[in-house]
Amino acid sequence: MADILRFADNLGPAKIIQVYEPTIDLKAVLVIDNIAMGPAIGGIRMAPDVSIDECIRLARTMTLKNAAAGLSHGGGKTVVYADAKVPRPEKERLIRALASALRNFPEYVMGPDMGTDEECMAWIKDEIGHNVTGLPAESGGIPIDQIGATAWGLRHAIEVALPYCTCPVGFSLAQARVAIQGFGAVGMNAARFLAEQKAILVGAADSQGSVYDPDGIDVNKLIRLKEAGKSVIDYPDGEKSDRDAIVGFECDIWIPAARPDVVTEKNMERLKAKLVVEGANIPLTEGAEKYLHDKGVLCIPDFIANSGGVICAAMEYRGKIESEAMEVIEKKVRTNTRLVLEESRLKKITPREAAMNLAVTRVEKAMSFKRWSIY
Ligand code: NAD
């Protein structure tokens with residue numbers, strides 16, 4: 001009892017649900033963090049090394065992200081303990097069984113995350129008929145990863161953040177050197193949008209390794225390679241290293257777009273960027289973020305920078321179309337990034353502290369209208 005409640009605080013989590021079906025080896029956990037603002041939206045992550053702790057922290061990130069984005073949704077997350085690369089029929093069985101187990105939780109709206117995709121969401125819709133976002137266009141969805149909804153938000157967060165950088169004071173996106181950790185849906189689209197603004201991609205990493213080329217990596221060529229099922233280390237030019245080398249690459253803008261806790265107290269001194277824009281959820285530990293802030297490195301927190309995906313999901317849930325979603329993402333991410341950075345400058349607090357103040361104030365206000373509080 002004490003163990004499962006170790007993360008409980010005044011915001012949540014409201015419910016932690018174990019899903020288990022031994023005949024197909026389905027092991028999953030759903031965490032519904034806080035639904036004071038509305039039904040929880042949060043993705044389904046499938047990986048062999050997920051954990052309940054990760055799920056609880058990610059569900060909280062979703063509560064904060066939805067609140068900071070001004071969406072009438074709470075936060076939730078599901079983790080499935082399985083290899084995302086299992087054969088498709090096996091994956092379909094796992095996802096359909098999960099959906100079936102969660103059909104009676106109307107306060108939770110499912111969506112894709114690492115290891116799940118639009119097809120998985122279509123199976124869920126077929127199984128339970130409702131409460132799912134991130135569907136393929138053919139099933140009435142907005143293809144979040146294909147259009148690069150999250151990366152579109154990152155690109156705008158970066159543009160707003162640049163004038164707030166202090167070392168050196170402001171720099172322009174054109175010719176800015178960018179390194180991206182994780183070259184999947186978020187990383188690839190971020191590279192694409194930033195290249196359109198004439199930024200130069202100097203480094204990229206995926207689970208196989210990393211590539212560094214100070215003369216600039218051809219973004220389209222790298223995307224084509226990845227789409228052909230290859231790794232960034234198959235890029236013909238540049239210097240190849242192990243995947244963690246990306247943390248120390250010389251660059252102006254560093255974008256984590258892979259796993260949590262990739263910059264910690266153990267490696268934070270290696271980071272050389274002036275601006276860190278968090279595409280992944282919880283990629284930096286609190287200590288690492290504080291250290292970088294004190295060094296003058298601007299860090300735009302995850303739940304402000306990468307909220308494009310959930311804004312898109314919320315728009316899909318409301319029956320909006322792609323162009324409307326992209327417009328709302330641009331507007332919301334720009335406004336919130338500016339709000340947070342102004343507050344951070346004015347009150348001399350970190351951007352994360354400012355973002356927390358913004359999100360928690362909104363959640364607490366919604367909680368004050370409830371008969372209970374967090375649900
Ligand atoms: P994805 O599965 O499409 O891509 C992940 C990429 O990271 C892959 O290229 C993979 O090889 C690489 N990778 C995995 N482990 C790595 C490691 N240790 N070092 C370097 N690279 C590694 O996932 P995605 O949808 O692009 O999501 C990436 C991150 O962004 C996740 O943390 C996710 O929670 C977060 N996020 C995604 C969205 C979205 O819209 N997809 C929205 C908000 C946040």
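Residues numbered from 1 in each chain as written. Predicted model: local features only at pLDDT ≥ 70, side-chain atom pairs only at ≥ 80, totals over all residues. Heavy atoms only, no water.

A.B. asks: How should I be thinking about the pattern of salt bridges in this particular structure?
C.D. replies: Charged atoms that come close allow side chains of opposite charge to pair. Applying the stated rule across the entire model yields 28 salt bridges. Its salt-bridge partner being E107, residue K15 comes within 2.6 Å of it at the nearest N-O pair. Of this pair, K15 sits in strand 1 (residues 15–21) while E107 is found in the loop between helix 2 (88–101) and strand 5 (108–112), placing the two residues 92 residues apart along the sequence. In this structure K15 comes out as partly exposed when scored by relative accessible area, which is 35%. The salt bridge involving R45 is made with D113; its shortest N-O contact spans 2.6 Å. (Salt bridge = Lys/Arg side-chain N within 4 Å of Asp/Glu carboxyl O. Helix = DSSP H or I, 4+ residues; strand = E, 2+ residues; numbered from the N terminus. Buried < 20%, exposed > 50% of the residue type's maximum accessible area, 1.4 Å probe, protein only.)

A.B. asks: Got a minute to help me understand the packing of helix 6 (residues 185–196) against helix 7 (residues 219–227) in this structure?
C.D. replies: The description of two helices packed together rests on the angle between their axes and the distance between the axes. With their axes 10 Å apart at the nearest point, helix 6 and helix 7 run at an angle of 160 degrees to one another. By the angle between their directions, the pair helix 6 and helix 7 is classed as roughly antiparallel. Taken as a pair, helix 6 and helix 7 cross one another with a handedness that is left-handed. On the side of helix 6, the interface is formed by M188, A191, R192 and A195, while helix 7 contributes V219, I223 and K226. Looking at side-chain class alone, the contact of helix 6 with helix 7 contains 5 nonpolar, no polar and 2 charged residues. (Axes fitted to C-alpha atoms, helices over the stretch in contact; angles between N-to-C directions. Parallel < 35°, antiparallel > 145°, perpendicular 65-115°, else oblique. Left-handed = near helix turned anticlockwise from the far one by under 90°. Contact = heavy atoms within 4.5 Å. Nonpolar A, V, L, I, M, F, W, Y, C, P; charged D, E, K, R; others polar.)

A.B. asks: Please explain the sheet that holds strand 3 (residues 40–47) as it appears in this structure.
C.D. replies: The pairing of strands in a sheet comes from backbone hydrogen bonds and takes either a parallel or an antiparallel form. Strand order in the open sheet formed by 5 strands is 1-2-4-3-5, and the pairing between neighbours is mixed. Looking at the sheet topology across the chains shown, the edges are occupied by strand 1 and strand 5. Taken pair by pair, the neighbouring strands of this sheet meet at an average axis angle of 20 degrees, ignoring direction. Bridging between strand 3 and strand 4 (residues 74–81) involves 6 bridges; their strand directions are parallel. Residue pairing in the sheet places I41 in a bridge with G75 of strand 4. Of the strands in this sheet, strand 1, strand 2 (26–34), strand 3 and strand 4 touch helix 1 (residues 52–68), which is tilted by about 150 degrees from strand 4. Along the sheet, helix 3 (residues 118–128) contacts strand 3 and strand 5; its crossing angle with strand 5, the most-contacted strand, is approximately 150 degrees. (Pairing = 2+ DSSP bridges.)

A.B. asks: Just checking my understanding: could you explain the site of the ligand for this structure?
C.D. replies: Near the ligand you find 25 residues, and of these R45, T150, A185, V186 and A258 are the closest. Within the side chain of R243, an N or O atom sits 3.5 Å from a nitrogen atom of the ligand. For the ligand, an oxygen atom lies 2.7 Å from a polar atom in the backbone of A258. Mapped by element, the contributors of at least two residues to the shell around the ligand are helix 4 (144–147), helix 6 and strand 7 (200–206). For the shell around the ligand, a count of residues per class yields 9 nonpolar, 8 polar and 8 charged. (Near = heavy atom within 4 Å. Polar contact = N/O pair within 3.5 Å; in protein donor to acceptor, adjacent residues only side chain to side chain.)

A.B. asks: Can you help me understand the packing of aromatic side chains in this one?
C.D. replies: Any aromatic ring pair is given by two values, namely how distant the centres are and how the planes are angled relative to each other. Under the counting rule described, the total for this entry stands at 2 aromatic pairs. Pairing W152 with F193 gives two aromatic rings, centres 5.1 Å apart and planes at 65 degrees, and the pair type is edge-to-face. Here the residue W152 occupies a position in helix 5 (residues 149–161), and F193 occupies one in helix 6, the gap between them amounting to 41 residues. Each member of the pair, W152 as well as F193, carries the same accessibility label: buried. Sitting over the ring of F171, K274 keeps its end group 5.4 Å from the ring centre. (Phe/Tyr/Trp six-rings, centres within 6.5 Å; stacked < 30°, edge-to-face > 60°. Lys NZ or Arg CZ within 6 Å of the ring centre and 35° of its normal.)

A.B. asks: Explain the side chain of N267 here, please?
C.D. replies: Within the fold, N267 resides in the loop between strand 10 (253–256) and strand 11 (275–277). Residue N267 is classed as buried on the basis of its relative accessible area, which comes to 13%. A polar contact is formed between the side chain of N267 and the backbone oxygen of V262, at a distance of 2.9 Å. With sequence-adjacent residues up to four places away left out, N267 is seen in contact with V247 and V262.

A.B. asks: For this particular structure, what's the right way to read the environment of E107?
C.D. replies: A residue is classified by how much of its surface remains accessible, and E107, at 14% relative accessible area, is buried. For the pair formed by E107 and N357, sequence separation is 250 residues and the distance between their alpha carbons is 25 Å. One polar contact links E107 to K15, side chain to side chain, over a distance of 2.6 Å.

A.B. asks: I keep staring at the packing of helix 2 against helix 3 and nothing clicks. Help me out?
C.D. replies: Running from amino to carboxyl end, helix 2 crosses helix 3 at an angle of 45 degrees, the nearest separation of the two axes being 9 Å. Of the possible angle classes, the one that applies to helix 2 and helix 3 is oblique. Crossing of helix 2 against helix 3: the hand is right-handed. Taken together, the residues of helix 3 that come into contact with helix 2 (itself represented by R88, K91, E92, I95, R96, A99 and S100) are E119, C120, W123, I124, D126, E127 and I128. Here the contact of helix 2 with helix 3 is composed, by residue class, of 6 nonpolar, 1 polar and 7 charged.

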